[in-house]
Amino acid sequence: MSDCIFCKIALHEVPSEIFFEDDEILAFKDIQPLAPVHLIVIPKIHLQSLNDVTLEHERLMGHLFGVIRRLAKELGVAETGYRVVTNTGTDGGQVVGHLHVHLLGGQALNATIG
Ligand code: AMP
Ligand code: ZN
């Protein structure tokens, strides 16, 4: 989608600090990190939110969570623990309308973080 910031990041039209990329998934550093490790992991295709995910995306979602698991290990938080968060819609606090998963870790997370 042309006016979507995360689509622009996926197309490398807007710079980001990339931690993982393949044809389907991009992981990059959150611009306003809330923890020592704070990545945003997105499917490159534009899906507005979790509400747009269907069975058609089952393999893609499995792949996305596999990437998160690998990144958590590489970044050294797999053993200490981490949190994955997907805000959905207005009440869920979703600000960017492109499905994304936050990966947070590197400190003990309290209920207000993420
Ligand atoms: P939310 O939609 O509330 O789940 O959160 C969107 C997240 O995207 C926030 O944590 C922002 O800091 C982050 N964000 C917004 N724009 C950018 C950007 N250009 N690069 C990296 N992270 C961003
Ligand atoms: Zn998008």
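Everything below is about the structure shown above.
Calculation notes
- Residues numbered from 1 in each chain as written.
- Chains lettered and ligands numbered in written order.
- Predicted model: local features only at pLDDT ≥ 70, side-chain atom pairs only at ≥ 80, totals over all residues.
- Heavy atoms only, no water.
- Donors = N, O, S within 2.8 Å, 3.2 Å for Na, K, Ca; no water.
- Tetrahedral: all angles 85-135°; square planar, octahedral: opposite > 155°, others 65-115°.
- Helix = DSSP H or I, 4+ residues; strand = E, 2+ residues; numbered from the N terminus.
- Buried < 20%, exposed > 50% of the residue type's maximum accessible area, 1.4 Å probe, protein only.
- Near = heavy atom within 4 Å.
- Polar contact = N/O pair within 3.5 Å; in protein donor to acceptor, adjacent residues only side chain to side chain.
- Areas by Shrake-Rupley, 256 points an atom, 1.4 Å probe, with all protein chains shown as cover.
- 1 Å grid on protein atoms, 1.4 Å probe; cavity = no way out; pocket = protein on both sides within 12 Å on 5 of 7 lines; lining within 4 Å.
- Sits in = over half its atoms within 2 Å of the grid points.

1. Quick look at the coordination of the zinc ion (ligand 2)
So, point 1. The zinc ion (ligand 2) binds to the protein through Cys4 (SG), Cys7 (SG), His46 (ND1) and His98 (ND1); the donor distances cover 2.0 to 2.3 Å.
So, point 2. Coordination geometry of the zinc ion (ligand 2): the four donor atoms subtend angles of 106 to 116° at the metal centre, consistent with an arrangement described as tetrahedral.
So, point 3. Positions of the donor residues of the zinc ion (ligand 2), expressed as sequence spacing, correspond to C-x2-C-x38-H-x51-H. With Cys4 in the segment before α1 (5-10) and His98 in the loop between β4 (82-85) and β5 (101-105), this residue pair connects regions lying 94 residues apart in the sequence.
So, point 4. Exposure remark for His98: the relative accessible area of 0% places this residue in the buried category.

2. Comments concerning the site of ligand 1
So, point 1. Taken together, 15 residues lie near ligand 1, and Asp30, Gly93, Val95, His100 and His102 sit nearest.
So, point 2. A distance of 3.1 Å separates a nitrogen atom of ligand 1 from a polar backbone atom of Ile31.
So, point 3. For ligand 1, whose accessible area on its own is 510 Å², the fraction buried by protein is 84%.
So, point 4. Mapping ligand 1 onto the cavity grids shows that it belongs to the largest pocket.

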